[in-house]
Amino acid sequence: MELTHINSKGEAVMVNVGDKKITQRTATARGIVEMKEETLQKLMIADLKKGDGLSTARIAGIMGAKNTSSLIPLCHNIPIESVEIAFEQISNTELEVKAFAKCSYKTGIEMEALTAVSVACLTVYDMCKAIDRGMVIKDIKLLEKSGGKSDYKYEG
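Residues numbered from 1 in each chain as written. Predicted model: local features only at pLDDT ≥ 70, side-chain atom pairs only at ≥ 80, totals over all residues. Heavy atoms only, no water.

Re the sheet that holds strand β1 (residues 23-34)
- Ordered by their spatial adjacency, five strands build an open sheet running β2-β3-β1-β4-β5, and the pairing between neighbours is antiparallel. Because the sheet does not close on itself, it has two edges, and the strands there are β2 (80-89) and β5 (152-153).
- Strands in contact with helix α4 (residues 110-128) are β1, β2, β3 (94-105) and β4 (136-146); relative to β1, the strand with the most contacts, it is inclined by about 25 degrees. (Pairing = 2+ DSSP bridges. Helix = DSSP H or I, 4+ residues; strand = E, 2+ residues; numbered from the N terminus. Contact = heavy atoms within 4.5 Å. Axes fitted to C-alpha atoms, helices over the stretch in contact; angles between N-to-C directions.)

Have a look at this one:
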């Protein structure tokens, strides 16, 4: 398989999307923050010294998506139409963070969804670290993407 961000000399390049068609593109990513049960309880009821951790993480995730091209060198700055961040307690010690992103453009929005999840997870850590420095951010992955040449769905 040919890597699109490497030229024939092995140098990193930004992909030329000038001739591609504009299509509607979506991506969903997820990550998990594992923490102590008492930490998750406080997070879920907004009982943290720093304030409402989930609201803060939601805003941070959206901001992360909007700044993806500034963080990842070869990403295009794309016109994001929407970013949604959702949180779900999936066990006594695990919070699932999901991001859904959408755009109509010549290149995909997967990196924006992945960045949104990553930043939201990091913000949960920051909001809760005063009571639990042993938190683990794990399992960040692209769940699905649509639009462009092909669709993808995680099968794991």
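With respect to the side chain of T28
- Tracing the backbone through its elements, the reader meets T28 in strand β1.
- Relative accessible area serves as the criterion here: at 13%, T28 is assigned to the buried category.
- Ignoring anything within four residues of it in the chain, the contact list for T28 reads A99, F100, L142, L143 and E144. (Buried < 20%, exposed > 50% of the residue type's maximum accessible area, 1.4 Å probe, protein only.)

Here's the deal with the pairing of β2
- Relative to β3, β2 is paired through nine bridges, and the arrangement is antiparallel. Its bridge partner lying in β3, E88 is registered against E96.
- The antiparallel hairpin formed by β2 and β3 contains four residues in its connecting segment.

Section: empty space enclosed by the protein
- The tally for this structure, following the rule as stated, stands at one cavity of 30 Å³ or more.
- Of the pockets and cavities examined, the largest cavity occupies roughly 40 Å³.
- A65, K66, T68, S69, H76, N77, I78, I80 and E112 together form the lining of the largest cavity.
- Of all the secondary-structure elements, those providing two or more residues to the lining of the largest cavity are α2 (53-66) and α3 (68-71). (1 Å grid on protein atoms, 1.4 Å probe; cavity = no way out; pocket = protein on both sides within 12 Å on 5 of 7 lines; lining within 4 Å. Points joined across faces, edges and corners; volume = space filled by probe spheres on them.)

Some thoughts on the side chain of K141
- Looking at the secondary structure, you find K141 in strand β4.
- Only 3.2 Å separates the side chain of K141 from the side chain of D139, close enough to count as a polar contact.
- Each residue touching K141, except ones within four places of it in the same chain, is listed here: A29, R30, L114 and Y154. (Polar contact = N/O pair within 3.5 Å; in protein donor to acceptor, adjacent residues only side chain to side chain.)

Some thoughts on α4
- Between its terminal C-alpha atoms α4 stretches 27 Å, which fits the 27 Å expected from 19 residues at 1.5 Å a residue.
- For α4, the full list of buried residues reads E112, A113, L114, T115, A116, V117, A120, C121, T123, V124, M127 and C128. (Expected span 1.5 Å × (residues − 1).)

Thoughts on the pattern of salt bridges
- Counted according to the given criterion, the structure contains eight salt bridges.
- Among the salt bridges present, the one from D139 reaches R30, with a minimum N-O distance of 2.5 Å. Of this pair, D139 sits in strand β4 while R30 sits in strand β1; the two residues are 109 residues apart in sequence, bridging distant segments of the chain.
- Overall, the relative accessible area of 36% leaves D139 in the partly exposed class.
- Its relative accessible area of 12% is what places R30 among the buried residues.
- Two residues, D126 and K50, come together in a salt bridge whose shortest N-O distance is 3.2 Å. Placement of the pair is D126 in helix α4 and K50 in the loop between α1 (37-44) and α2, with a sequence separation of 76 residues.
- For D126, a relative accessible area of 29% gives the class partly exposed.
- Take K50: its relative accessible area is 49%, and that puts it in the partly exposed class.
- Residues participating in the shared-partner salt-bridge network are R30, E96, D139 and K141. (Salt bridge = Lys/Arg side-chain N within 4 Å of Asp/Glu carboxyl O.)

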